[in-house]
Number of protein chains: 2
Amino acid sequence: MNIILLEPAELTDKTVVLRDHRAKHIVKVLKSEVGESLRIGIVDAQMGRAKVLAVVAKYPFEVRLQVELENTPRSVPQIDLLLALPRPIMLKRIFSQVTALGVGTIHLVNANRVEKSFWDASILSEQECRSYLIRGLEQAVDTRLPAVRVHRQFRPFVEDILPELAPRYCNMLLAHPQTENRLVTSMKTCSGRTLYGIGPEGGWVDFEIERLTAAGMLPFSMGQRILKVDTAVVAVHSRISQLLESA
Amino acid sequence: MNIILLEPAELTDKTVVLRDHRAKHIVKVLKSEVGESLRIGIVDAQMGRAKVLAVVAKYPFEVRLQVELENTPRSVPQIDLLLALPRPIMLKRIFSQVTALGVGTIHLVNANRVEKSFWDASILSEQECRSYLIRGLEQAVDTRLPAVRVHRQFRPFVEDILPELAPRYCNMLLAHPQTENRLVTSMKTCSGRTLYGIGPEGGWVDFEIERLTAAGMLPFSMGQRILKVDTAVVAVHSRISQLLESA
């Protein structure tokens, strides 16, 4: 936890009292004392500093903070993820990792090789999903909660929703081992966001590749090595970030 | 498991009989039948194809394979990792992920912010460590087992061992948030391998940074976002791979 995050409703005036895991973290991990200053942020709003006004350093922990916020929130990351729904344990890790790397919107989509049971996972509930996104923000020192959009049917997504989204993107890229295109030659320099797609374990089927490319996604390969979905998400995200930073 | 890996001692002639989890995988996941051909490899040696000669498709599973190997093994990846020992559960994931991405040697080193108890972890035993490396090879379709070197003391490593290793490297890079250097401007183009260093949760202390840079490592930053160690390993590895591929 590299930043203490508050929900907007928690900050009614300039002070806030914490009594949950955040208070425990401030006491037990940060070992903060009265007068010290901590990084603080409001979910989906500004960051700032919090001065420790009072501490109850034993169970039940309690910390009173005085909050000073910056004037403007940071900007939304320029990268979005299109992800074939992975198994729940992997999705939890991806939610936190990709939020830490910086993502605007995560589109979860069905695919032929997605196991039906994955759609029953509790991680798809707004509350549980949000907790993993928050962990990513707390890790990376950010306040901008990614949007998560769930598309339980592939065809309506690829035929109606994706074409509607397309105009906002400068780059729509699809990781796919069976192509000669490389990422470095596939990225365009233009204004607009970048969307990248990662398929299920075993890959997209031909029909899906055909529909996704028809909707404007450009397949690229990172070479012969086959990566697990969670490794691939971080690897592709990092490569795209580097190309956008150097553009 | 995208390739069936054999230990060198298992292949006495051109056929091999499997009776363990690999046989189960061939039967239950690949659903291979007699006459089919599978990707196969020998740990630290060649890859090739295996023809299924016989299958016992129920418990205890048994698969007899006829093996045809390529003439030469693939080359060792050009990237090595220097990693402050992370907590065991994270190290297991990193072993598999970085092996899948392609790594030559993994140096595990002590640091001020490494918890002492991590050094007692069973994952540091050769046998357990090897099992996670093998998973990475099976995932990525490779046979080259990374070397793992364990350095329980920071000073002898940084003062004696690292300077001895230095001549083989073209690039020695150290992920460190408190610098203005970017990776893209820090990478040299020359013959020789690339080493990258990832610190513990909380980062290296000043003394460690000073000693590592004195030994030739060049600090670079990926920006303001703070990443967990396992995310950072994959992110930095992918960025370096991309720069080496485009060089």
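Residues numbered from 1 in each chain as written. Chains lettered and ligands numbered in written order. Predicted model: local features only at pLDDT ≥ 70, side-chain atom pairs only at ≥ 80, totals over all residues. Heavy atoms only, no water.

Observations concerning the overall build of chain A
For step 1, the next point in the chain: If you tally the helices and strands in chain A, you get seven helices and eleven strands.
For step 2, the next point in the chain: The principal-axis extents of the C-alpha atoms in chain A amount to approximately 60 × 40 × 35 Å.
For step 3, the next point in the chain: The contacts of chain A with a sequence gap of at least 6 include a subset with a gap of at least 24, amounting to 71%.
For step 4, the next point in the chain: Carbon and sulfur atoms provide 49% of the accessible area of chain A, an area that totals close to 11800 Å².
For step 5, the next point in the chain: The positive charge centre, built from 31 side chains, and the negative charge centre, built from 27, are 4 Å apart in chain A. (Helix = DSSP H or I, 4+ residues; strand = E, 2+ residues; numbered from the N terminus. Contact = heavy atoms within 4.5 Å. Areas by Shrake-Rupley, 256 points an atom, 1.4 Å probe, with all protein chains shown as cover. Lys, Arg positive; Asp, Glu negative; His and termini not counted. Charge placed at Lys NZ, Arg CZ, Asp CG, Glu CD.)

Examining the environment of B:Ile198
All names here are of chain B.
For step 1, the next point in the chain: With respect to the helices and strands, isoleucine 198 occurs in strand S10 (residues 193–198).
For step 2, the next point in the chain: Considered as a pair, isoleucine 198 and phenylalanine 220 are 22 residues apart in the sequence and their alpha carbons are 11 Å apart.
For step 3, the next point in the chain: Look past the residues within four positions of isoleucine 198 in its chain and what remains in contact with it is Leu81, Leu82, Leu83, Ala84, Ala175, Trp204, Val229, Ala232, Val233 and Val236.

Brief notes about the pairing of strand S8 (residues 147–151) of chain A
Residues and elements named next belong to chain A.
For step 1, the next point in the chain: Looking at chain direction, strand S7 (residues 105–109) and S8 are connected through five bridges and run parallel. Among the inter-strand pairings, leucine 108 is bridged to a residue of S8, identified as valine 150.
For step 2, the next point in the chain: A crossover links S7 with its parallel partner S8, the connecting element being helix H3 (residues 126–140), and its sense is right-handed. (Pairing = 2+ DSSP bridges. Right-handed = clockwise from strand over helix to strand, strands pointing away.)

Focus: the domain arrangement of chain A
All names here are of chain A.
For step 1, the next point in the chain: Annotation of chain A at the domain level lists domain 1 (4–69) and domain 2 (79–246).
For step 2, the next point in the chain: Each side of the interface is counted separately: domain 1 has eleven residues, and domain 2 has nine residues.
For step 3, the next point in the chain: In this assembly, domain 1 packs against domain 2 so that about 830 Å² is buried in total across both faces, 57% of it on carbon and sulfur atoms.
For step 4, the next point in the chain: Interface area lost by domain 1 to domain 2 is led by Leu5, Asp44 and Met47, which between them contribute 60%.
For step 5, the next point in the chain: Across the domain 1-domain 2 interface, the total number found is one salt bridge.
For step 6, the next point in the chain: Close ionic contact of glutamate 7 with arginine 130 constitutes a salt bridge, the shortest N to O distance being 2.4 Å.
For step 7, the next point in the chain: Where domain 1 meets domain 2, there are four residue pairs in polar contact (both at pLDDT 80 or more).
For step 8, the next point in the chain: Classifying every residue of the side of domain 1 that touches domain 2 gives five nonpolar, three polar and three charged. (Domains from an automatic or database assignment. Buried area = accessible area lost by both parts, 1.4 Å probe. Salt bridge = Lys/Arg side-chain N within 4 Å of Asp/Glu carboxyl O. Polar contact = N/O pair within 3.5 Å; in protein donor to acceptor, adjacent residues only side chain to side chain. Nonpolar A, V, L, I, M, F, W, Y, C, P; charged D, E, K, R; others polar.)

A look at H3(A)
Residue and element names in this part refer to chain A.
For step 1, the next point in the chain: Across its 15 residues, H3 extends 21 Å between first and last C-alpha, which sits within 8% of the 21 Å expected from 1.5 Å per residue.
For step 2, the next point in the chain: Listed in full, the buried residues belonging to H3 are Cys129, Tyr132, Leu133, Ile134, Gly136, Leu137, Glu138, Gln139 and Ala140.
For step 3, the next point in the chain: On its buried face, H3 sits against strand S1 (4–6), helix H1 (21–29), helix H2 (88–101), S7 and S8.
For step 4, the next point in the chain: Among the residues trailing H3, valine 141 stands out with phi positive, at a value near 65°. (Expected span 1.5 Å × (residues − 1). Buried < 20%, exposed > 50% of the residue type's maximum accessible area, 1.4 Å probe, protein only.)

Looking at the interface of chain A and chain B
For step 1, the next point in the chain: Taken together, the contact between chain A and chain B spans 32 residues of the former and 32 residues of the latter.
For step 2, the next point in the chain: With both chains or domains summed, chain A and chain B bury close to 2600 Å², and 44% of this area falls on carbon and sulfur atoms.
For step 3, the next point in the chain: If you sort the residues of chain A by the area they bury against chain B, A:Arg225, A:Ile226 and A:Gln242 come out on top, with a joint share of 26%.
For step 4, the next point in the chain: Our enumeration of links across chain A and chain B arrives at six salt bridges.
For step 5, the next point in the chain: With a closest N to O distance of 3.3 Å, B:Arg182 and A:Glu245 form a salt bridge.
For step 6, the next point in the chain: Where chain A meets chain B, there are 22 residue pairs in polar contact (both at pLDDT 80 or more).
For step 7, the next point in the chain: Sorting the residues of the side of chain A that touches chain B by element identifies H2, H3, helix H5 (183–186) and helix H7 (229–246) of chain A as the ones contributing at least two each.
For step 8, the next point in the chain: The greatest single-element share of the side of chain A that touches chain B, amounting to eleven residues, is contributed by H7(A).
For step 9, the next point in the chain: When its residues are assigned to classes, the side of chain A that touches chain B shows eleven nonpolar, eleven polar and ten charged.

Here we look at the relation of the copies chain A and chain B
For step 1, the next point in the chain: Each copy superposes on the other: chain A lies on chain B with an RMSD of 0.0 Å after a rotation of 180° and an axial shift of 0.0 Å. On this basis, the relationship between the two copies can be described by a two-fold rotation axis.
For step 2, the next point in the chain: Of the interface residues in chain A, 100% have counterparts in chain B that sit at the interface too, so the contact is made through matching surfaces. (Least-squares fit on C-alpha atoms with pLDDT ≥ 70 in both.)

Regarding unusual backbone geometry
Among all residues save glycine, negative phi is the norm, and among peptide bonds the norm is trans.
Residue and element names in this part refer to chain A.
For step 1, the next point in the chain: Note that the residue after tyrosine 59, namely proline 60, is joined by a cis bond; omega there is -5°.
For step 2, the next point in the chain: Non-glycine residue valine 141 carries a positive phi angle of around 65°.
For step 3, the next point in the chain: Tracing the chain through its elements places valine 141 in the loop between H3 and S8.

With respect to the state of the cysteines
Where two cysteines share a covalent bond between their sulfur atoms, that bond is called a disulfide.
Residue and element names in this part refer to chain A.
For step 1, the next point in the chain: Inspection of every chain in the model, using the stated rule, returns two disulfides over all chains.
For step 2, the next point in the chain: Note that cysteine 170 is cross-linked by a disulfide to cysteine 190, the S-S spacing being 1.7 Å. Sign of the S-S torsion, about 95° for the bond between cysteine 170 and cysteine 190, identifies this disulfide as right-handed. Here cysteine 190 lies in the loop between H5 and strand S10 (193–198) and cysteine 170 lies in strand S9 (residues 169–175), a separation of 20 residues in the sequence.
For step 3, the next point in the chain: Exposure remark for cysteine 170: the relative accessible area of 6% places this residue in the buried category. (Disulfide = S-S within 2.5 Å.)

Quick notes on the pairing of strand S3 (residues 37–42) of chain A
Side-chain direction in a regular strand flips from residue to residue, so the side chains alternate between the two faces of the sheet.
Residue and element names in this part refer to chain A.
For step 1, the next point in the chain: As judged from the three bridges shared by S1 and S3, these two strands associate in the parallel manner. By the bridge assignment for S3, leucine 6 is matched with isoleucine 42.
For step 2, the next point in the chain: Strand direction decides the pairing type here: S3 and strand S4 (residues 47–56), joined by five bridges, are antiparallel. The partner of serine 37 across the bridge, within S4, is lysine 51.
For step 3, the next point in the chain: Count of turn residues in the S3/S4 antiparallel hairpin: four residues, of which aspartate 44 carries a positive phi of about 65°.

Some details on the sheet that holds S9(A)
All names here are of chain A.
For step 1, the next point in the chain: The parallel open sheet is built from six strands, whose spatial order is S8-S7-S6-S10-S9-S11. Whereas interior strands pair on both sides, the edge strands pair on one side only; in this sheet they are S8 and strand S11 (218–220). Direction aside, neighbouring strands of the sheet carry axes that sit 20° apart on average.
For step 2, the next point in the chain: The pairing of strand S6 (residues 79–84) with S10 spans five bridges and is parallel. Across the sheet, leucine 81 pairs through a bridge with tyrosine 196, a residue of S10.
For step 3, the next point in the chain: Those strands touched by H7 are S6, S9, S10 and S11, and its axis lies near 155° from that of S10. (Axes fitted to C-alpha atoms, helices over the stretch in contact; angles between N-to-C directions.)

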